[in-house]
Amino acid sequence: MKKLNMIGTSIALALTLAACGGGGSSSTPTPTPTPTPTPTPTGTIDDQYASYLKDLTKNHILPGYEDFQSESAKFVLATSAFCLLSNTTEADLNLVKASWLETNLSWQNIQWVKVGPVVDKFVTFRIQNWPDTNNAVERGIAELLETSEEVTIELIANKQTGAQGIPAAEMLLYPEDPNDSILTSSSKAKRCETLTAISANIAKMANDVYNEWSPNGGNYVKSVNEGTGEFTGQKDAVEELVTNWLEQVERVKDEKILKPVGDAAPGLPNITEHALSDKSLSSIKVNINTFEAIYNAGQGHGFDNILTDFLDQQATATSMADKINAAQSAISALEGSYKDALNDETKRAALEDTIDKIRDIRDTLTGEFVQILDLSIGFNSNDGD
């Protein structure tokens with residue numbers, strides 16, 4: 001009865017969260033609304049920044065958080081439905097894994113944002129504790145599975161960050177030891193209870209962040225668009241977001257690719273972002289695609305328009321677009337297993353090429369791009385390359 005009550009509560013939560021959010025999602029994690037670019041202002045550079053902020057939040061950030069909210073709510077329903085079955089099959093489990101992946105990819109699409117609600121109360125780390133240098137996820141899951149308490153969303157939310165988010169759910173769905181499979185483990189009931197509570201916690205965090213951004217909720221989007229609150233102005237808001245962009249460029253290049261590639265095959269697959277599920281390539285592709293969305297404000301009034309139409313810097317605008325496209329093309333040459341790619345010389349060459357192309361983005365971003373736009377960014381690369 002306790003299991004039914006827990007799952008029933010999680011289903012009710014998921015339905016509530018889904019009702020709060022917008023429309024559904026497709027297999028691609030990047031929402032693609034029909035953009036309505038703001039007319040190009042004829043005034044100052046601050047007017048240009050205002051248009052950029054308005055379109056970036058409208059076309060990319062708000063839809064991104066809404067998609068994360070929607071996919072995480074579906075993940076709760078998927079885990080709950082699975083755990084209600086008396087006899088589960090590999091096909092049943094694959095449905096849950098697919099929903100976990102969609103939730104993760106929707107998060108990867110918006111992972112780069114480090115302003116606002118996600119930085120309050122360590123929400124970013126609660127959603128995804130990675131890199132996990134002290135095995136916090138493994139220790140957190142072990143503690144939850146060993147507790148005699150009922151594992152609820154309230155219990156999860158008060159645990160250390162490693163037990164709360166997407167990597168914790170991944171560990172339950174893709175255990176390193178086959179004997180720990182949620183299909184056949186002797187502790188299946190506890191694993192289901194824990195997975196359902198973790199998925200509900202992810203969904204609640206996604207819902208809370210979206211509502212804080214939403215004009216109908218906390219309306220943090222207004223602070224970003226107007227450059228108020230924590231920002232000293234609209235230029236400051238742009239500088240913070242460009243700093244977030246640069247941080248993500250470095251993170252994808254270094255943490256997600258360069259370090260796992262290592263000095264030689266087979267690389268270091270155990271330190272990849274999704275070592276257990278081996279879904280790192282999918283996440284990296286989404287991350288690189290967000291570079292384009294940040295640059296062109298989700299096909300709105302982006303930096304490309306500011307550089308070309310307002311500052312008459314077509315060469316720099318084209319250069320940045322070309323470098324982003326080159327990185328997208330380099331990573332698109334790889335499919336499937338990241339672990340296998342790290343151990344294959346041809347695929348390692350494609351990964352090295354991707355690193356070089358992302359490095360080109362970084363160099364342009366920290367050089368002529370910020371100089372021409374007169375932006376000060378607060379992040380310094382220290383990887384020495």
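Anyway, here's the lowdown on the structure attached to this text. (Residues numbered from 1 in each chain as written. Predicted model: local features only at pLDDT ≥ 70, side-chain atom pairs only at ≥ 80, totals over all residues. Heavy atoms only, no water.)

### Describing the state of the cysteines
Next, step 1: Throughout the structure, instances matching the rule amount to one disulfide.
Next, step 2: Each disulfide pairs two cysteine sulfurs, and for Cys83 the partner residue is Cys192, the sulfurs being separated by 2.2 Å. The S-S bond linking Cys83 to Cys192 shows a torsion near -90°; that makes this disulfide left-handed. A residue pair is termed long-range when its members are at least 10 positions apart, and Cys83 in helix H2 (residues 45-84) and Cys192 in helix H8 (residues 188-213) qualify at 109 residues. (Disulfide = S-S within 2.5 Å. Helix = DSSP H or I, 4+ residues; strand = E, 2+ residues; numbered from the N terminus.)

### Concerning unusual backbone geometry
Next, step 1: For the bond running from Trp130 to Pro131, omega is 0°, close enough to zero to count as cis.
Next, step 2: Here the residue pair Ala265 and Pro266 is connected by a cis peptide bond, since its omega of 10° sits within 30 degrees of zero.
Next, step 3: Here Pro266 lies in the loop between helix H10 (234-261) and helix H11 (280-296).
Next, step 4: Of note in the backbone geometry, Asp312 takes a positive phi value of approximately 55° without being a glycine.
Next, step 5: By the secondary structure assignment, Asp312 is in the loop between helix H12 (303-310) and helix H13 (314-332).

### Brief notes about the packing of aromatic side chains
Next, step 1: Under the counting rule described, the total for this entry stands at ten aromatic pairs.
Next, step 2: With centroids separated by 5.8 Å and ring planes inclined at 85°, the aromatic side chains of Trp245 and Phe369 adopt a geometry described as edge-to-face. Separated by 124 residues along the polypeptide, Trp245 in helix H10 and Phe369 in helix H15 (residues 345-373) bring together distant segments of the chain.
Next, step 3: In this structure Trp245 comes out as buried when scored by relative accessible area, which is 0%.
Next, step 4: Judged by its relative accessible area of 0%, Phe369 falls in the buried class.
Next, step 5: Pairing Phe303 with Phe369 gives two aromatic rings, centres 5.1 Å apart and planes at 85°, and the pair type is edge-to-face. (Phe/Tyr/Trp six-rings, centres within 6.5 Å; stacked < 30°, edge-to-face > 60°. Buried < 20%, exposed > 50% of the residue type's maximum accessible area, 1.4 Å probe, protein only.)

Bear in mind that shape data such as this cannot, by itself, settle questions of function.
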